[in-house]
Amino acid sequence: VQLVESGGGLVQPGGSLRLSCAASGFTFSNYAMRWYRQAPGKEHEWVATISSAGGTTNYADSVKGRFTISRDNVKNTVYLQMNSLKPEDTAVFYCHARMLRDYWGQGTQVTVSS
């Protein structure tokens, strides 16, 4: 199993970024996928979940209305569209899949600063 995130970077408050997570080594369309984040000095925080077929999504209250999780089961990729970014969104964002164990990507840094 391999999860590879991309798309992070430096953005000004109010800006947008789209994160991608390319998955391989398992039947992607069979599993829900999640995004988590970890800000400096803080615990991992769950951000969003999307069901295996993409029909159900859930979000943390802190990102609801600003972030959108989606997936492409042909490209084996899950996305996180982040709009109206705030400085408190600064974190390393991780893609996650749960099978018999948890799998994590290496993370992608998102920095929101003017």
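My aim in this report is to walk through the structure given alongside it, one point at a time. (Residues numbered from 1 in each chain as written. Predicted model: local features only at pLDDT ≥ 70, side-chain atom pairs only at ≥ 80, totals over all residues. Heavy atoms only, no water.)

Further remarks concern the overall build of the chain. Secondary structure summary: the chain contains 0 helices and 11 strands in total. Mapped from its N terminus to its C terminus, the chain presents α and β elements in the order β-β-β-β-β-β-β-β-β-β-β. For 114 residues, the compact-globule formula gives about 13 Å, and the C-alpha radius of gyration of the chain, at 13 Å, lands near that figure. Viewed in the frame of its principal axes, the chain has a C-alpha envelope of about 40 × 25 × 20 Å. Considering the chain as a whole, with its 114 residues, one finds that 40% of them fall into the buried category. Residue pairs in contact within the chain that sit at least 24 positions apart in sequence constitute 50% of those at least 6 positions apart. (Helix = DSSP H or I, 4+ residues; strand = E, 2+ residues; numbered from the N terminus. Rg over C-alpha atoms; globule rule 2.2 N^0.38 Å. Buried < 20%, exposed > 50% of the residue type's maximum accessible area, 1.4 Å probe, protein only. Contact = heavy atoms within 4.5 Å.)

This next bit is on the state of the cysteines. Enumeration according to the criterion identifies 1 disulfide in this entry. Each sulfur of the disulfide joining C21 and C95 lies 2.2 Å from the other. Taking the torsion about the S-S bond as the criterion, the C21 to C95 disulfide, at about -80°, is left-handed. You can see C21 sitting in strand β3 (residues 17-24) and its partner C95 sitting in strand β9 (residues 91-98), a full 74 residues away along the chain. Taking the relative accessible area as the measure of exposure, C95 reaches 0% and is therefore buried. (Disulfide = S-S within 2.5 Å.)

This next bit is on the nonpolar core. Counting residues in each nonpolar core, the largest one holds 28 residues, and the members touching the most others are M33, W35, V78, L80, M82 and F93. Put simply, the parts of the chain that give this core at least two residues each are β3, β4 (33-38), β5 (44-50), β7 (67-72), β8 (77-82), β9 and β11 (108-112). (Core = buried A, V, L, I, M, F, W, Y, C linked by side-chain atoms within 4.5 Å.)

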